[in-house]
Amino acid sequence: MQNAMQPAESPALRQLYSDFKTQHLNPLWTQLGDLMPRHPRPKAQAHLWKWADLYPLAQASGELVPVGRGGERRAIGLANPGLGGEAYISPTLWCAIQYLGPKETAPEHRHSQNAFRFVVEGEGVWTVVNGDPVRMSRGDFLLTPGWNFHGHHNETDQPMAWIDGLDIPFSFQNDVGFFEFGSDRVTDYATPQYSRGERLWCHPGLRPLSQLANTVSSPIGAYRWDYTDAALSQQLLLEEEGHPATVEQGHAAVRYVNPTTGGDVMPTIRAEFHRLRPGIETPTRRDVGSTVFQVFEGRGAVVMGGVTHQLEKGDIFVIPSWIAWSLQAETMLDLFRFSDAPIMERLNFDRSLIEETP
């Protein structure tokens with residue numbers, strides 16, 4: 001559309017624009033297309049990080065970089081190539097590989113930012129959240145809601161790596177972050193099979209009467225792989241029996257929820273797990289907001305913005321706002337997913353489009 005508000009060039013106009021700059025002003029008529037485009041035009045790029053490249057770098061960091069006060073964590077942030085070098089996987093989300101060596105302890109601290117961990121492989125680390133030791137094992141999804149003290153300790157002779165997800169970019173842009181050091185060690189070196197939070201809360205369909213007040217974040221510290229795997233398997237079995245159970249043919253999925261509200265596990269982050277049968281291709285869709293996947297098991301591909309990327313175990317990819325994407329399963333394909341959907345929905349910015357097949 002032709003812009004009728006573009007005045008003729010003149011010395012007076014140049015002086016006006018110079019005066020605007022001096023007074024830290026910026027006229028709307030010169031930037032409307034950038035401020036309010038017809039649809040989202042993210043600076044963040046759709047991008048894939050290969051686990052085969054990431055894990056050796058994490059190992060090298062383990063050999064060269066100690067864990068302790070200052071850096072606090074041996075965590076390597078995935079920097080979206082469209083965001084100018086910031087260690088942000090998207091404008092709202094942080095994703096990092098954290099690596100803890102044999103017998104190492106990461107000291108306790110707490111922060112306003114909400115955090116989780118997802119374990120694609122390995123055993124032997126306990127994260128201690130507000131004094132509650134929580135075992136970390138393959139396939140487990142573990143929570144550290146904002147302002148909970150937490151540290152980690154590795155009780156084995158082998159290193160362990162996992163991914164961290166946080167709302168750091170969203171918190172940073174909105175100036176809401178606080179941080180506080182805790183113990184230089186961890187407050188409890190016990191290694192229980194199940195945390196106190198799990199023992200209290202993880203009984204299907206049952207809520208303790210001692211805990212009737214709703215909580216902002218889930219009180220469950222660990223969502224165990226055994227339950228996730230069983231839920232997905234049963235969805236596909238029910239589908240085979242002719243019952244409605246999957247989100248689409250051959251596509252089972254679950255959302256991790258806060259048992260006190262039935263909503264998302266944390267106010268800024270949604271987490272899900274998806275399983276696709278071999279040969280399944282999902283419809284192409286676009287969503288407002290950022291989504292990150294990690295391949296837990298299997299082989300396949302993701303198509304992002306028309307470009308096909310092959311997927312293997314451990315690979316991580318990000319889909320920025322309104323980028324077209326779809327999944328293709330070569331084998332049975334298991335994927336962990338997290339997103340900023342709670343932010344988008346709470347602010348009423350959420351929107352999705354499923355493209356029709358030609």
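Here the residue index of a chain counts from 1 through its sequence in written order. This being a predicted model, a pLDDT of at least 70 is required before a residue's local features are given, and a value of 80 or more before pairs of side-chain atoms are given or counted; all residues contribute to the totals for chains, interfaces and linings. The basis for the side-chain values is all heavy atoms of the structure; hydrogens and waters are excluded.

Quick notes on helix α6 (residues 225-240)
Next, step 1: Numbering of helices and strands starts at the N terminus; helices are DSSP runs of H or I of at least 4 residues and strands are runs of E of at least 2. Take the number of residues in a helix, subtract one, and multiply by 1.5 Å to get its expected span. Under the 1.5 Å per step criterion, the end-to-end length of α6 is 23 Å for 16 residues, consistent within 8% with the ideal 22 Å.
Next, step 2: A simple rule labels every residue: compare its accessible area, found with a 1.4 Å probe on the protein chains alone, to the largest value its type can have, and call it buried under 20%, exposed over 50%, or partly exposed in between. Of all the residues in α6, the buried ones are Trp 225, Thr 228, Leu 232, Gln 235, Leu 236 and Glu 239. The buried residues of α6 occupy an angular sector of 100 degrees when projected down its axis, which confines them to one face. Opposite the buried face of α6, by more than 90 degrees, sit the exposed residues Asp 226, Tyr 227 and Glu 240.
Next, step 3: Where the residues of α6 are buried, they touch β12 (222-223), β13 (251-255), β14 (270-276), β16 (291-297) and β21 (333-339). The directions from the helix axis to the C-beta atoms form the arc being described. Pairs of residues are marked as contacts when any of their non-hydrogen atoms sit within 4.5 Å.

Considerations on the packing of aromatic side chains
Next, step 1: Stacked, tilted and edge-to-face are the three classes assigned to paired rings of Phe, Tyr and Trp, where Trp is represented by its six-membered ring and a pair needs centres within 6.5 Å; plane angles under 30 degrees give stacked, over 60 edge-to-face, the rest tilted. Tallied over the entire structure, the rule returns 22 aromatic pairs.
Next, step 2: Ring geometry for Phe 118 versus Phe 296: centroids 5.8 Å apart, planes at 65 degrees, classification edge-to-face. Remark: Phe 296 occurs in strand β16 and Phe 118 occurs in strand β5 (residues 115-118); sequence separation between them is 178 residues. Take Phe 118 and Phe 296: they sit in the same class, and that class is buried.
Next, step 3: An angle of 40 degrees between the planes, with centres 5.6 Å apart, marks the rings of Phe 141 and Phe 336 as tilted. Of this pair, Phe 141 sits in strand β8 (residues 141-144) while Phe 336 is found in strand β21, placing the two residues 195 residues apart along the sequence.
Next, step 4: Overall, Phe 141 belongs to the buried group, its relative accessible area being 0%.
Next, step 5: Taken together, the aromatic side chains of Phe 116, Phe 118, Phe 141, Tyr 223, Trp 225, Tyr 256, Phe 273, Phe 296, Phe 336 and Phe 338 make up a single cluster linked through ring pairs.
Next, step 6: Only when the NZ atom of a Lys or the CZ atom of an Arg is both within 6 Å of the ring centre and within 35 degrees of the ring normal do we say a charge sits over the ring. Sitting above the plane of the Tyr 194 ring, Arg 135 keeps its charged end 5.5 Å from the centroid.

Structural notes on the pairing of strand β9 (residues 150-154)
Next, step 1: Counting buried positions along β9 gives five out of five residues, so the element sits mostly inside the fold.
Next, step 2: By the alternation rule, side chains of β9 split into His 150, His 152 and Asn 154 and Gly 151 and His 153, which are all buried.
Next, step 3: Bridge count between strand β4 (residues 105-111) and β9: three bridges; the pairing is antiparallel. If you follow Ala 106 over to β9, its bridge partner there is His 152.
Next, step 4: Strand pairing is defined by DSSP finding a minimum of two bridges between the two strands. Inspection of the sheet shows strand β6 (residues 125-129) paired to β9 by five bridges, in the antiparallel sense. Bridging across to β9, Val 128 finds its partner in Gly 151.

Some remarks on the sheet that holds β21
Working definition: the strands of a sheet are paired by backbone hydrogen bonds and lie parallel or antiparallel to each other.
Next, step 1: The sheet built from six strands is open, its strands ordered β1-β19-β16-β21-β14-β13 with antiparallel pairing. Each edge of the open sheet carries a strand with a single partner, namely β1 (47-49) and β13. Each strand of the sheet is rotated relative to its neighbour by a mean of 20 degrees, with strand direction disregarded.
Next, step 2: In this sheet, β21 lies alongside β14 in antiparallel orientation, the contact comprising seven bridges. Its bridge partner lying in β21, Arg 270 is registered against Ser 339.
Next, step 3: Note on geometry: axes are lines fitted to C-alpha atoms, helical ones only across the stretch in contact, with angles between N-to-C directions running from 0 to 180 degrees. The strands touched by α6 within the sheet are β13, β14, β16 and β21, with β13 carrying the most contacts at an inclination of about 140 degrees.

Describing helix α3 (residues 51-64)
Owing to its 3.6 residues per turn, the α-helix aligns residues three or four sequence positions apart on the same side.
Next, step 1: Between its terminal C-alpha atoms α3 stretches 20 Å, which fits the 20 Å expected from 14 residues at 1.5 Å a residue.
Next, step 2: Residues Trp 51, Leu 54, Tyr 55, Ala 58 and Ser 61 constitute the buried set of α3. The arc that holds every buried residue of α3, seen down its axis, measures 115 degrees, which confines them to one face. Among the exposed residues of α3, those oriented more than 90 degrees off its buried face are Ala 52, Asp 53, Leu 57, Glu 63 and Leu 64.
Next, step 3: Those residues of α3 hidden inside the fold are in contact with β1, β2 (75-77), β3 (94-100), β10 (160-166), β16 and β19 (316-319).

Observations regarding the nonpolar core
Next, step 1: Ranked by size, the top nonpolar core spans 38 residues in total, and within it Ile 89, Phe 116, Phe 141, Phe 273 and Phe 336 carry the most contacts.
Next, step 2: The greatest single-element share of this core, amounting to four residues, is contributed by α3.
Next, step 3: Excluding anything up to four places from it in sequence, Phe 141 contacts Phe 116, Arg 117, Phe 118, Gly 221, Ala 222, Tyr 223, Tyr 256, Val 265, Ala 271 and Phe 336.
Next, step 4: The definition of a nonpolar core used throughout is a set of buried Ala, Val, Leu, Ile, Met, Phe, Trp, Tyr and Cys residues joined through side-chain atoms within 4.5 Å. Residues Phe 293, Val 295, Val 302 and Ala 329 belong to the second largest nonpolar core, which totals 15 residues.

Considerations on the sheet that holds β12
Next, step 1: Spatially, β2-β3-β10-β5-β8-β12 is the arrangement adopted by the six strands of the open sheet, whose pairing is antiparallel. Each edge of the sheet is formed by a strand with only one pairing partner; in this case those strands are β2 and β12.
Next, step 2: Sheet analysis places β5 next to β8, joined by four bridges and oriented antiparallel. By the bridge assignment for β8, Ala 115 is matched with Thr 144.
Next, step 3: Contacts between α3 and the sheet are confined to β2, β3 and β10, with β3 contributing the most and set at about 50 degrees to the helix.

Note that every value here comes from positions in space, so none of it alone points to a role or purpose.
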